[in-house]
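Examining the three-dimensional arrangement
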Amino acid sequence: MLRTKWVHLGGVFPALIAGVLLFCGCGEAPQTPQDKGTKPGQAGATPVVAKPVPGEQGKQPAGIRIGFVVKQPEELWFQNEWKFARVAAEKYGFELLTLGASDGERVLNVIDTLGTKGAQGFVICTPETRMGPAIMARAQKYAMKVIAVDDQFVGADGKFMQVPYMGLSAREIGRNVGKALWAEMRRRQWPPAETAACVVTHDELNTVKERTDGAAEALVEAGFPAERIFRSNEREMILPSAHEAASIVLTQHNDVKYWLVFSVNDEGVLGAVRALGERGLGADRTIGIGIGAGTGLLELKKETPSGFFGTVMISPYRHGYETTEMLYKWIKDGVAPPLDTRTAGVLATRENYKQVIKDLGLEDVAGDK
Ligand code: FCA
């Protein structure tokens, strides 16, 4: 099922491999935000502006500049999106400006920066989806085209905006997490009455709620007791917040013998797995399955297994390379991108992750840390 799904990604494999090849020997560290660690609204915070990647000499038309703005530049997922966006920049010869913007004020600042630098458009994973109308208004001021990635813009009416978007098939990916958790729990013959699920979520963000709802739904459909699924909201989508959110659940239910863990992403699951580990609940008492493309692989590569059992691997190639490629063609040839593109995921565990990343052409996504 998972395998079949991935096949639907169609002709991306040659491009994936080409993309990875292009990156060989190009082991530069991702652009790190100078303002990392500053808090929203903090005075003096400046947007992060990376040096443009010069296009290949002679490639036409000259002068296309594209921004790629992400909400959490410190997260490996976003660094990998940038990495593959750079591959597109190299291929097509446009200039790429990678920028971090962790709150609304910075988003508007970086759009101004892009506008004054003459960018004709940008791809963005916004820190606040409700900023969609403000982002579009500011982009319009500079006649810039916009593609939303990962987190979809929400309008004043609470509905998703009609702005080209590439995101995860979040519900389906969540369901795959749930099914894999159930299969592994059955394999280990854990009785449902002695097992519970710890869910680290961030329900205000739709793509997250869809993922965690999907996993819960598949578990319940398979026979897992709904009343033994405990959800906890993390304040920010980072490992320490996930640790905090999971600790609340674990303290409230310290009589549970076996735990399933699922979340927004790898970081969410790892936060819970760490909290479980501190309570003496390791690989033999925990099955955690993340969603991501990097952080979870780093955990799977460690010699000693933890409660982090696997990750549904998603594609930073598609979200980084394809979004910027679509934007480039939109700017250059007037080819408008599809309004809604959804990408799939495939389960990787200690058993098969090498093959999975090879099949996906993503060998280098966890290699630079
Ligand atoms: C959201 C999450 C990221 C990543 C992305 C695809 O933006 O915050 O961790 O999962 O979706």
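Up top is the structure these notes are about.
Anyway, here's the lowdown on the structure attached to this text. (Residues numbered from 1 in each chain as written. Predicted model: local features only at pLDDT ≥ 70, side-chain atom pairs only at ≥ 80, totals over all residues. Heavy atoms only, no water.)

1. Overview of the packing of helix H3 (residues 76-92) against helix H11 (residues 316-333)
At a minimum axis distance of 7 Å, the contact between H3 and H11 shows a crossing angle of 40°. As far as their axial angle goes, H11 and H3 are oblique. Taken as a pair, H3 and H11 cross one another with a handedness that is right-handed. Packed against H3, whose contacting residues are Trp77, Asn80, Glu81, Phe84, Ala85, Val87, Ala88, Lys91 and Tyr92, the element H11 presents Pro316, Tyr317, His319, Gly320, Tyr321, Thr324, Glu325, Tyr328 and Lys329 at the interface. Partitioned by chemical class, the residues of the contact of H3 with H11 number 10 nonpolar, 4 polar and 4 charged. (Axes fitted to C-alpha atoms, helices over the stretch in contact; angles between N-to-C directions. Helix = DSSP H or I, 4+ residues; strand = E, 2+ residues; numbered from the N terminus. Parallel < 35°, antiparallel > 145°, perpendicular 65-115°, else oblique. Left-handed = near helix turned anticlockwise from the far one by under 90°. Contact = heavy atoms within 4.5 Å. Nonpolar A, V, L, I, M, F, W, Y, C, P; charged D, E, K, R; others polar.)

2. A word on the sheet that holds strand S2 (residues 95-100)
Strand order in the open sheet formed by 6 strands is S2-S1-S3-S4-S5-S11, and the pairing between neighbours is parallel. Only two strands of the sheet have a single partner each, and these edge strands are S2 and strand S11 (340-343). Going across the sheet, the axis of each strand differs from the next one's by a mean of 15°, ignoring polarity. (Pairing = 2+ DSSP bridges.)

3. Describing the pairing of strand S8 (residues 258-263)
Counting buried positions along S8 yields 6 of 6 residues, so the element is predominantly enclosed. Relative to strand S9 (residues 286-292), S8 runs parallel, the two sharing 4 bridges. Pairing of Phe262 across the sheet is with Ile289, part of S9. Considered for its hand, the β-α-β crossover made up of S8, helix H9 (residues 266-278) and S9 is right-handed. (Buried < 20%, exposed > 50% of the residue type's maximum accessible area, 1.4 Å probe, protein only. Right-handed = clockwise from strand over helix to strand, strands pointing away.)

4. Observations regarding the packing of helix H8 (residues 239-252) against H9
Closest axis-to-axis distance for the H8/H9 pair is 7 Å, and the angle between their directions is 50°. Judged by the angle between their axes, H8 and H9 are oblique. Where H8 crosses over H9, the two elements pack in a sense that is right-handed. Of H9, the residues touching H8 (which contributes Leu239, Ala242, His243, Ala246, Ser247 and Leu250) are Glu267, Gly268, Leu270, Gly271, Ala272, Arg274, Ala275, Leu276 and Glu278.

5. Points about the packing of aromatic side chains
Per the stated rule, a full pass over the model turns up 6 aromatic pairs. Taking the centre distance of 5.3 Å and the plane angle of 25° together, the rings of Phe94 and Tyr328 count as stacked. Of the two residues, Phe94 is situated in the loop between H3 and S2 and Tyr328 in helix H11; the sequence distance between them amounts to 234 residues. The exposure classification of Phe94 matches that of Tyr328, with both residues buried. (Phe/Tyr/Trp six-rings, centres within 6.5 Å; stacked < 30°, edge-to-face > 60°.)

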